[in-house]
Amino acid sequence: MQKLSVGTEGIADLAAWQATKRAQTTDGLPRHITRMWPKRADEILGGGSIYWVVKGEILCRQQILRFDEVIGSDGIRRCAIVLHPELIPVTPTIKRPFQGWRYLQDADAPSDLTKARKGEETLPSELSAALAEIGVF
């Protein structure tokens, strides 16, 4: 799956949000609540991840652990996508804006950054986007 992380500037912002009680399940795992329940839930739960789009680029992913039903204060049934706490940086990949979440085919998923690259400083998002646009990333 791929999902926009609205209002975050980078992976650190996403991690900070997920560390808040509001963004966690009762067992302390990060979650994202959405209106729609994935039709391909069984397929996703077999090791699938959510790829986070931050400022127009896929920057990281998290393994999806389960889907929980959440009933809002308005009485509407929603889906909580419960995630592994580790944010795994991936090769930055440009994505056009979209609403909600989208399925991401395995062949289109960006590769994880190697451990050697994880220690490097993050490029400014504008530079990273420009390099991805010309095919360097």
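Data block above holds the structure.
Cut-offs applied
Residues numbered from 1 in each chain as written. Predicted model: local features only at pLDDT ≥ 70, side-chain atom pairs only at ≥ 80, totals over all residues. Heavy atoms only, no water. Helix = DSSP H or I, 4+ residues; strand = E, 2+ residues; numbered from the N terminus. Buried < 20%, exposed > 50% of the residue type's maximum accessible area, 1.4 Å probe, protein only. Salt bridge = Lys/Arg side-chain N within 4 Å of Asp/Glu carboxyl O. Core = buried A, V, L, I, M, F, W, Y, C linked by side-chain atoms within 4.5 Å. Contact = heavy atoms within 4.5 Å. Phe/Tyr/Trp six-rings, centres within 6.5 Å; stacked < 30°, edge-to-face > 60°. Lys NZ or Arg CZ within 6 Å of the ring centre and 35° of its normal.

Trainee: In this structure, what is going on with the environment of Arg96? I would like to understand it.
Mentor: Along the polypeptide, Arg96 turns up in the loop between strand S6 (88-94) and strand S7 (101-102). Under the relative-accessibility criterion, Arg96 is labelled exposed at 73%. Through-space distance from the C-alpha of Arg96 to that of Lys55 is 9.7 Å; in sequence the pair is 41 residues apart.

Trainee: Explain the pattern of salt bridges here, please?
Mentor: Opposite charge on two side chains permits pairing when their charged atoms draw close. Counting across every chain of the model gives seven salt bridges. Here Lys55 makes a salt bridge to Glu9, at a shortest N to O gap of 2.9 Å. With Lys55 in the loop between strand S3 (49-54) and strand S4 (57-71) and Glu9 in the loop between strand S1 (2-4) and helix H1 (11-18), this residue pair connects regions lying 46 residues apart in the sequence. Residue Arg78 pairs with Asp74 through a salt bridge whose shortest N-O separation is 3.0 Å. Using a relative accessible area of 45% as the deciding quantity, one classes Asp74 as partly exposed. Taken together, the shared-partner salt bridges connect Asp27, Arg66 and Asp68 into one network.

Trainee: When you look at the nonpolar core in this model, what are you seeing that I'm missing?
Mentor: As a rule of thumb, soluble globular proteins bury nonpolar side chains together. The biggest cluster of nonpolar side chains holds 14 residues, and the ones touching the most others in it are Met1, Ile50, Trp52, Ile64, Phe67, Ile81 and Leu83. Elements that contribute at least two residues to this core include exactly helix H2 (41-44), S3, S4 and strand S5 (77-83). Counting residues in hydrophobic clusters, the runner-up holds six residues, among them Tyr51, Val53, Ile58 and Leu104.

Trainee: Is there a simple way to explain the environment of Ile58 in this structure?
Mentor: Within the secondary structure, Ile58 sits in strand S4. On the basis of relative accessible area, Ile58 is assigned to the buried category, the value being 0%. Note: C-alpha distance between Ile58 and Pro92 (34 residues apart in sequence) is 5.5 Å. Ignoring sequence-local partners within four residues, the contact set of Ile58 consists of Gln2, Tyr51, Trp52, Val53, Val90, Thr91, Pro92, Thr93, Lys95, Leu104 and Pro110.

Trainee: So what exactly am I meant to see when it comes to the packing of aromatic side chains here?
Mentor: The description of two aromatic rings rests on the distance between their centres and on the angle between their planes. For the coordinates displayed, the defined rule picks out two aromatic pairs. Here the aromatic rings of Trp101 and Tyr103 are separated by 5.1 Å at their centres, their planes lie at 80°, and the arrangement is edge-to-face. Owing to a relative accessible area of 12%, Trp101 belongs among the buried residues under this scheme. Note that Arg40 overlies the ring of Tyr103, its terminal NZ or CZ placed 4.3 Å from the centroid. For the cation-ring pair, Arg77 lies above Trp37, with the distance from its terminal atom to the ring centre recorded as 4.6 Å.

Note that all results are geometric; they support no functional claim without further evidence.
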